[in-house]
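# Structural features, examined
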Amino acid sequence: VKEGYNFAGWNVQQDGNGANYTTGQSYTMGGANITLYARWTLKQTYSVIYDANGADSGDVPVDTMKYEKNTIFTILDNTGNLTKSGYCFAGWSITRDGTGTSFNPGAKYIMGTANFTLYAKWVVGYSVTYVAAGATSGTVPVDHLLYPAGGQFKIPGNPGDLKKNDDVVGSWIYHPGQEDERFYEEGQTFYMKSANVTLYADWVPKTTDNVIYHGNWAEHGTVPVDTTEYNNGDTVTVRGKTGNLTRTNYVF
């Protein structure tokens, strides 16, 4: 074995300029010892090259490895955060126009007999805008990302504490009043359309709930009383045994 080389047989000269012999070939011995020198040929290796393909910012990933024919390698991710205004990164393609075979990051590929160039694949990106729809306080969610048609994102809820007097946001409405009207609640998945999307706050009356403690056969003491009215999603701290509840032969 010689690093970076393939064994190619034997030669009668060390510089390889003499007669060559391959494994299994016959040789007629003369009147002296013969020395055969291993012949070495440089291994042919190829590179994987990533092309930003019109990106406005960011850097292409760099694969410093050299691959021999039939070696399996892994397609790199968009590690340098390539971006292109109005577009979404959608993997890599073997053609600049994105119509050739495409690969997602992490895919495996077998090296051929030439350097392999992969072009960043760009698809049109669409935005999502949230509208307060008459809110009297709070702020709408803001999503700075773009999504390809068919891409998905999660409905954020009401992180800016939007309110309309005493009403609260119950969900977000897509195309209110139209045939394809649909209501989306927090955490639901929205699949991006082939156009920018606007979601409108859906207002519902504010509702509250109470936490009630029950003695559950306690013979003495009193249960704690929580007079707070809680909204959906509020965090409640459970009270302790403040009224010294007891039950014979039992421990709280």
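Above this note sits the structure.
Here we summarise the structure given alongside this text. (Residues numbered from 1 in each chain as written. Predicted model: local features only at pLDDT ≥ 70, side-chain atom pairs only at ≥ 80, totals over all residues. Heavy atoms only, no water.)

Within the chain one finds zero helices and 21 strands. Over its C-alpha atoms the chain spans a radius of gyration of 35 Å, topping by over 25% the 18 Å that the globule rule assigns to 252 residues. In terms of its C-alpha atoms, the chain occupies a principal-axis envelope of roughly 115 × 60 × 30 Å. Within the chain, the proportion of its 252 residues that are buried is 23%. For the chain, the computed accessible surface area is about 16700 Å², with 48% contributed by carbon and sulfur atoms. In the chain, 18 side chains carry a positive charge and 24 a negative one; their mean positions are 10 Å apart. (Helix = DSSP H or I, 4+ residues; strand = E, 2+ residues; numbered from the N terminus. Rg over C-alpha atoms; globule rule 2.2 N^0.38 Å. Buried < 20%, exposed > 50% of the residue type's maximum accessible area, 1.4 Å probe, protein only. Areas by Shrake-Rupley, 256 points an atom, 1.4 Å probe, with all protein chains shown as cover. Lys, Arg positive; Asp, Glu negative; His and termini not counted. Charge placed at Lys NZ, Arg CZ, Asp CG, Glu CD.)

Next up on the list: the side chain of N11. With respect to the helices and strands, N11 occurs in strand β1 (residues 5–11). A relative accessible area of 0% means that N11 is categorised as buried. With sequence-adjacent residues up to four places away left out, N11 is seen in contact with G16, N17, G18, A19, N20, T35, L36, Y37 and R39. (Contact = heavy atoms within 4.5 Å.)

We note that N81 has phi near 55°; this positive angle belongs to a residue other than glycine. Tracing the sequence through the fold places N81 in strand β9 (residues 80–83). Exposure remark for N81: the relative accessible area of 53% places this residue in the exposed category. A positive phi angle, close to 55°, is found at N165, a residue other than glycine. Residue position: N165 is located in the loop between β17 (163–164) and β18 (167–174).

So, about the sheet that holds β1. Read across the open sheet, the three strands follow the order β2-β1-β3; overall the sheet is antiparallel. The outermost strands of the open sheet, each flanked by one partner alone, are β2 (20–21) and β3 (37–42). (Pairing = 2+ DSSP bridges.)

What follows covers the layout of surface pockets. Reported here for the largest pocket is a volume of approximately 590 Å³. In this structure, the largest pocket is lined by 24 residues; those nearest its centre are N158, V168, V169, N231 and N232. Put simply, the parts of the chain that give the lining of the largest pocket at least two residues each are β18 and β21 (197–205). Here the lining of the largest pocket is composed, by residue class, of seven nonpolar, nine polar and eight charged. (1 Å grid on protein atoms, 1.4 Å probe; cavity = no way out; pocket = protein on both sides within 12 Å on 5 of 7 lines; lining within 4 Å. Points joined across faces, edges and corners; volume = space filled by probe spheres on them. Nonpolar A, V, L, I, M, F, W, Y, C, P; charged D, E, K, R; others polar.)

Let us look at the pairing of strand β5 (residues 48–51). A regular strand carries its side chains on alternate faces of the sheet. Only one face of β5 is buried, namely the one carrying V48 and Y50, since none of I49 and D51 on the opposite face is buried. Relative to strand β13 (residues 116–126), β5 runs parallel, the two sharing four bridges. Across the sheet, the residue bridging to I49 is T117, located in β13.

This brings us to a nonpolar patch on the surface. A cluster of nonpolar residues, F7, W10, L36 and W40, forms a patch on the protein surface that exposes about 360 Å² of accessible area. Along the chain, W40 falls in strand β3. (Patch = residues over 30% accessible without salt bridge, like charges linked within 9 Å, V, L, I, M, F, W, Y side chains within 5 Å. Salt bridge = Lys/Arg side-chain N within 4 Å of Asp/Glu carboxyl O.)

This part is about the side chain of D63. The topology assignment puts D63 in the loop between β6 (57–59) and β7 (67–68). Buried and unpaired, D63 has K66 as its nearest opposite-charge partner, separated by 9.0 Å. From its side chain, D63 meets the backbone nitrogen of M65 in a polar contact 3.0 Å long. Each residue touching D63, except ones within four places of it in the same chain, is listed here: V48, Y50 and L76. (Polar contact = N/O pair within 3.5 Å; in protein donor to acceptor, adjacent residues only side chain to side chain.)

This structure, assessed with the given rule, holds 17 aromatic pairs. Between Y130 and W172, the ring centres sit 5.1 Å apart and the planes meet at 75°, which makes this aromatic pair edge-to-face. With Y130 in strand β14 (residues 128–131) and W172 in strand β18, this pair connects stretches of sequence that are 42 residues apart. You can call Y130 buried: its relative accessible area is 6%. For the ring pair Y147 and F153, a centre distance of 4.9 Å and an interplane angle of 35° mean the geometry is tilted. For the pair Y147 and F153, one class covers both residues: buried. One aromatic cluster is present, built from ring pairs that chain together Y67, F73, F103, Y109 and F116. In this arrangement the basic side chain of K193 is found over the ring face of Y174, its NZ or CZ atom lying 5.3 Å from the centre. (Phe/Tyr/Trp six-rings, centres within 6.5 Å; stacked < 30°, edge-to-face > 60°. Lys NZ or Arg CZ within 6 Å of the ring centre and 35° of its normal.)

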